[in-house]
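# Chain and residue survey
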Amino acid sequence: MVQVRVAGVALDASGQHVLLLKPVDQIPGDGLVLPIWIGQLEATSILVAVENAEVPRPLAHDLMGLILTALDAAATKVEVTRIEDGTFYAEITLSTALGERVVDARPSDAVALASRVGAPIWVADAVLAEAGVPDVLTETDAAERLDEFKRFLDDVEPEDFES
């Protein structure tokens with residue numbers, strides 16, 4: 001497993017949201033970034049959490065965190081465990097009064113919750129090796145590299161990551 005952070009949320013050419021996860025030990029513009037296509041609501045929820053934006057009422061992922069707190073439980077880690085037929089799978093590890101529990105989740109929901117409660121986010125080495133792409137977002141030629149990344153997003157489809 002590789003610990004990652006949310007590097008951002010981008011839009012591809014068709015207007016779909018792409019969650020970008022980056023290993024924490026790699027500097028921007030170096031190594032790999034893992035793109036995961038997600039829904040608009042999940043993208044908004046992740047951005048709200050990452051940017052510490054205030055919302056008038058709790059969003060669904062805020063509610064999840066509040067429920068965990070009310071039950072004296074905690075999300076201790078999130079893992080993107082595998083990719084099958086172009087679909088990413090994740091798990092949320094919970095610490096509860098009954099012991100540790102692991103819950104299946106979509107990566108977008110898991111990351112949105114982790115971003116709110118401060119749980120570390122991990123990606124399986126095999127997932128990063130299979131679906132990771134070179135991080136070209138920032139370097140001395142940032143504008144040129146950003147165009148290259150945008151071209152990649154224009155041409156790639158979620159199906160390209162199918163086994």
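As the structure is a computational prediction, the values presented were derived from the model and not from experiment. (Residues numbered from 1 in each chain as written. Predicted model: local features only at pLDDT ≥ 70, side-chain atom pairs only at ≥ 80, totals over all residues. Heavy atoms only, no water.)

## A few points about the packing of helix H2 (residues 60–70) against helix H3 (residues 107–117)
Closest axis-to-axis distance for the H2/H3 pair is 9 Å, and the angle between their directions is 60°. With respect to H3, the element H2 is oriented oblique. Every pair of crossing elements has a handedness; the one defined by H2 and H3 is right-handed. Residues His61, Asp62, Met64, Gly65 and Leu68 of H2 touch H3, and the partners they reach there are Asp109, Ala112, Leu113, Arg116 and Val117. (Axes fitted to C-alpha atoms, helices over the stretch in contact; angles between N-to-C directions. Helix = DSSP H or I, 4+ residues; strand = E, 2+ residues; numbered from the N terminus. Parallel < 35°, antiparallel > 145°, perpendicular 65-115°, else oblique. Left-handed = near helix turned anticlockwise from the far one by under 90°. Contact = heavy atoms within 4.5 Å.)

## With respect to the sheet that holds strand S3 (residues 32–38)
Note: strands within a sheet are paired through backbone hydrogen bonds, in either parallel or antiparallel orientation. With mixed pairing, the 8 strands of this open sheet are ordered in space as S6-S5-S4-S7-S1-S2-S3-S8. Strands at the two margins of the open sheet, each flanked by one partner only, are strand S6 (99–105) and strand S8 (133–134). Pairing of strand S5 (residues 87–96) with S6 involves 7 bridges; the strand directions are antiparallel. Following the sheet pairing, Thr93 is matched in S6 by Val102. Packing of helix H1 (residues 40–50) onto the sheet brings it into contact with strand S1 (2–11), strand S2 (17–23) and S3, and relative to S1 it is tilted by some 115°. (Pairing = 2+ DSSP bridges.)

## Remarks on H3
With 8 of its 11 residues buried, H3 lies for the most part within the structure. Residues of H3 that are buried: Pro107, Ser108, Asp109, Ala110, Val111, Ala112, Leu113 and Ala114. Just beyond H3, the residue with positive phi is Gly118, at close to 75°. (Buried < 20%, exposed > 50% of the residue type's maximum accessible area, 1.4 Å probe, protein only.)

## A short note on the nonpolar core
Leu19, Leu21, Leu34, Phe88, Ile92, Val123 and Val127 are the most contacted members of the largest nonpolar core, which totals 33 residues. The element best represented in this core is H3, accounting for 5 residues. Those residues in contact with Leu34 that lie beyond four places of it in its chain are Leu19, Leu20, Leu21, Phe88, Val123, Val127, Leu128, Ala131 and Gly132. Ala10, Leu20, Trp37 and Val133 belong to the second largest nonpolar core, which has 6 residues in total. (Core = buried A, V, L, I, M, F, W, Y, C linked by side-chain atoms within 4.5 Å.)

## A few points about the side chain of Glu42
Tracing the chain through its elements places Glu42 in helix H1. Judged by relative accessible area, which is 13%, Glu42 ranks as buried. Among the polar contacts made by the side chain of Glu42, one reaches the side chain of Arg106 at a distance of 2.6 Å. Those residues in contact with Glu42 that sit more than four places away from it in its chain are Arg106, Ser108 and Asp109. (Polar contact = N/O pair within 3.5 Å; in protein donor to acceptor, adjacent residues only side chain to side chain.)

## Some points on a nonpolar patch on the surface
A contiguous nonpolar surface patch, about 400 Å² in accessible area, is contributed by Leu63, Leu66, Ile67 and Leu71. By the secondary structure assignment, Ile67 is in helix H2. (Patch = residues over 30% accessible without salt bridge, like charges linked within 9 Å, V, L, I, M, F, W, Y side chains within 5 Å. Areas by Shrake-Rupley, 256 points an atom, 1.4 Å probe, with all protein chains shown as cover. Salt bridge = Lys/Arg side-chain N within 4 Å of Asp/Glu carboxyl O.)

## Details of the confidence of the model for the protein
In the predicted model, the protein carries a mean pLDDT of 86, and 83% of its residues have values of at least 70. Mean pLDDT in the protein bottoms out at helix H5 (residues 142–155), which sits at 56, and peaks at strand S7 (residues 121–123), which reaches 98. (pLDDT = per-residue confidence, 0-100.)

## A word on the pairing of S5
Pairing of strand S4 (residues 74–84) with S5, which is carried by 9 bridges, proceeds in the antiparallel orientation. Residue pairing for S5: Ile83 is matched across the bridge by Phe88. Where S4 folds back on S5, the antiparallel hairpin that results is connected by 2 residues, among which Asp85 adopts a positive phi of roughly 50°. Linking two consecutive strands that pair antiparallel, namely S5 and S6, is a turn of 2 residues.

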